[in-house]
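Residue strings, one per chain:
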Amino acid sequence: MKVLIIGSGGREHALGWKLDQSPQVDELFFAPGNAGTSFLGTNVLINAMEIDQLVEFAKSEAIDLTVVGPEDPLCAGIVERFEEEGLKIFGPNLECSQFESSKDFTKKFLQRHEIPTAAYNTYTDYDSAVKGLGEVSYPIVIKADGLALGKGVVIVSDYDHGVQTLDEMMNQAQFGEAGATVVIEEFLDGPELSLLCIVSHNRVIPLDLARDYKKAYDGDQGLNTGGVGCFSPVPIPDDVEQSINEINKMIEQGLIEDGFDFTGILFVGFIIQDGKPYVLEFNVRFGDPETEVLMPRLESDLFDILNKAIDDTLIDEDLIWSNDKAVGVILTSIGYPAEYEQGHAIKLPVANPVGTILFHNGTAFDGDNLVNAGGRVLTAVGLGKTQEEARLLAYQLVGRIESDNLTYRTDIAK
Ligand code: AMP
Ligand code: GLY
């Protein structure tokens, strides 16, 4: 079987690494992929948003399954385009992709089905939004409704900061169209959890939990990033687990009642406040770096799982997890998530230490040299019987990577 993976990050490398282990998969293609994926299959020079070219490629190569990494092509209708051509593709349709492309759409769903989430209001004009700022207690959170590369969320400390944030989003179009509508919501305080679920025609089958580190520097300091460290599983108290299971059932019931046909990944971001889980957001794709720590722990055949989800034959028992703990440390370009330089040489160890895997997030070849080509560059994953063992292994691998332009947090999973 031939599989096409769309995207170019660590998530796509980890999906490819896992799919490559399936006895059913003969050939892997990545569009466009990165230096790391080129060792697993063929990188094709088509970007994730070049949907016509991707369809043409999948037809000409007779691709058996396409897996979509990033949200942009999903929110642009790639699944419909592939299905119209009779091509098999794993990802939600355009209607269900609104759970990622509109925060208001998700908040309405959560409220309609009485799923715990932060209280909120949605505004489409600046004056009403400013008026809304006078009616809340601080801090609050202001979110651009649309896709903003994870940057459209601002925690606002007081009224003046709120007015400034609204002005930037709504009047100055800091996030373009995405900020024309804003959601103002209650600030929740507590640890976050990432729960990726495989959804098969509205049936919600959760993967193991992961925890992502969003802040750039040690001790959760610095700017928000796409995620610079991760671990899985995440031990949680029984009552929290039970509440999360109930929420999953409510989501499933909600999808059915509303008449969706959701097949793909539903990534539920939770915050646990005072021992109670609240849904922060939905994404409709695999998380990055969550995928890099989940795939090495998945014992079942991913190709099988994705096909069964599409064919409506997947059952909970199909997902088998190893007891190993996984810790992922991301090496980022110095300066990320702000300005950073690309094209600096990276020297990798000849062999990775036993119990480690290296995924590439943003790398390229400059001639024969490996160079950084993104903000997040590499993910060093350690696997061990305990989280501590996994953590030490991940950092052992980090220590063997040489570059003058990479940095990392030293407190992941500590
Ligand atoms: P989102 O894109 O909605 O997940 O928001 C990105 C990040 O902003 C989350 O992972 C949280 O760290 C933070 N965040 C979002 N909403 C809230 C909230 N209501 N209270 C506290 N933090 C939030
Ligand atoms: N790690 C968070 C995300 O993928 O959105």
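Given the structure is predicted, the values throughout are model-derived calculations rather than measurements. (Residues numbered from 1 in each chain as written. Chains lettered and ligands numbered in written order. Predicted model: local features only at pLDDT ≥ 70, side-chain atom pairs only at ≥ 80, totals over all residues. Heavy atoms only, no water.)

What about the nonpolar core?
One broad rule of soluble globular proteins: the nonpolar side chains tend to lie buried together. Membership of the largest hydrophobic core comes to 67 residues, with the highest contact counts inside it found for Ile-78, Phe-109, Ile-251, Leu-255, Val-268, Phe-270 and Phe-282. Every residue in contact with Leu-255, bar those within four places of it in the chain, is listed here: Phe-99, Phe-109, Val-199, Asn-202, Val-204, Phe-260 and Phe-262. Of all hydrophobic cores here, the second largest spans 38 residues; its members include Leu-15, Val-67, Cys-230 and Leu-319. (Core = buried A, V, L, I, M, F, W, Y, C linked by side-chain atoms within 4.5 Å. Buried < 20%, exposed > 50% of the residue type's maximum accessible area, 1.4 Å probe, protein only. Contact = heavy atoms within 4.5 Å.)

A look at the side chain of Asn-307
Here Asn-307 shows up in helix α11 (residues 302-311). Exposure remark for Asn-307: the relative accessible area of 12% places this residue in the buried category. (Helix = DSSP H or I, 4+ residues; strand = E, 2+ residues; numbered from the N terminus.)

As for the site of ligand 1
Around ligand 1, a shell composed of Lys-103, Val-141, Lys-143, Val-153, Glu-185, Glu-186, Phe-187, Leu-188, Glu-192, Lys-214, Leu-280 and Glu-281 is seen. Separating an oxygen atom of ligand 1 from a side-chain N or O atom of Lys-143 is a distance of 2.9 Å. Burial of ligand 1 by the protein amounts to 92% of the accessible area it has alone, namely 470 Å². Counting only elements with at least two residues in the shell around ligand 1, the list comes to β7 (140-144), β9 (182-186) and β16 (276-283). Class assignment of the residues belonging to the shell around ligand 1 gives a composition of 5 nonpolar, no polar and 7 charged. (Near = heavy atom within 4 Å. Polar contact = N/O pair within 3.5 Å; in protein donor to acceptor, adjacent residues only side chain to side chain. Areas by Shrake-Rupley, 256 points an atom, 1.4 Å probe, with all protein chains shown as cover. Nonpolar A, V, L, I, M, F, W, Y, C, P; charged D, E, K, R; others polar.)

Regarding unusual backbone geometry
Omega for the bond connecting Tyr-138 with Pro-139 falls within 30 degrees of zero, at 0 degrees, which places this linkage in the cis form. For Pro-139, the location among the structural elements is in the loop between α7 (126-133) and β7. The omega angle of the peptide bond from Asp-288 to Pro-289 is 20 degrees, so this bond is cis rather than trans. Mapping Pro-289 onto the fold places it in the loop between β16 and α10 (290-294). In this structure, Glu-114 takes a positive phi of about 55 degrees despite not being glycine. Even without being glycine, Ala-173 reaches a positive phi, approximately 50 degrees. As for its placement among the helices and strands, Ala-173 is situated in the loop between α8 (159-171) and β9. Of the residues examined, Ala-173 reaches a relative accessible area of 39% and is grouped as partly exposed.

Examining the site of ligand 2
The full set of residues close to ligand 2 is Asp-212, Gly-226, Phe-267, Asn-283, Arg-285, Gly-287, Asp-288, Pro-289 and Glu-290. Interatomic distance of 3.4 Å between a backbone N/O atom of Gly-226 and a nitrogen atom of ligand 2. Contacts to ligand 2 include Asp-288, whose backbone N or O atom sits 2.9 Å from a nitrogen atom. Class assignment for the residues of the shell around ligand 2 results in 2 nonpolar, 3 polar and 4 charged.

Notes on the sheet that holds strand β6 (residues 120-123)
In spatial order, the strands read β6-β9-β7-β8; together these 4 strands make up an open sheet with antiparallel pairing. Edge positions in the sheet fall to β6 and β8 (153-156), since each of these pairs with one other strand and no more. Here the strands of the sheet are splayed against their neighbours by 20 degrees on average, with no regard to which way each runs. Bridge analysis of β7 against β9 gives 5 bridges, and the strand direction is antiparallel. Paired with Lys-143 across the bridge in β9 is Val-183. Together, β6, β7, β8 and β9 form the strand contacts of α8, whose direction differs from that of β8 by roughly 160 degrees. (Pairing = 2+ DSSP bridges. Axes fitted to C-alpha atoms, helices over the stretch in contact; angles between N-to-C directions.)

Some details on the packing of α7 against α8
At their nearest, the axes of α7 and α8 sit 10 Å apart, and the two run at 160 degrees to each other. In terms of orientation, α7 and α8 fall into the roughly antiparallel class. In this structure, the crossing between α7 and α8 has a hand that is right-handed. In this structure, α7 uses Tyr-126, Ala-129, Val-130 and Leu-133 to contact α8, whose residues at the interface are Tyr-159, Gly-162, Val-163, Leu-166, Asp-167, Met-170 and Asn-171. Here the contact of α7 with α8 is composed, by residue class, of 8 nonpolar, 2 polar and 1 charged. (Parallel < 35°, antiparallel > 145°, perpendicular 65-115°, else oblique. Left-handed = near helix turned anticlockwise from the far one by under 90°.)

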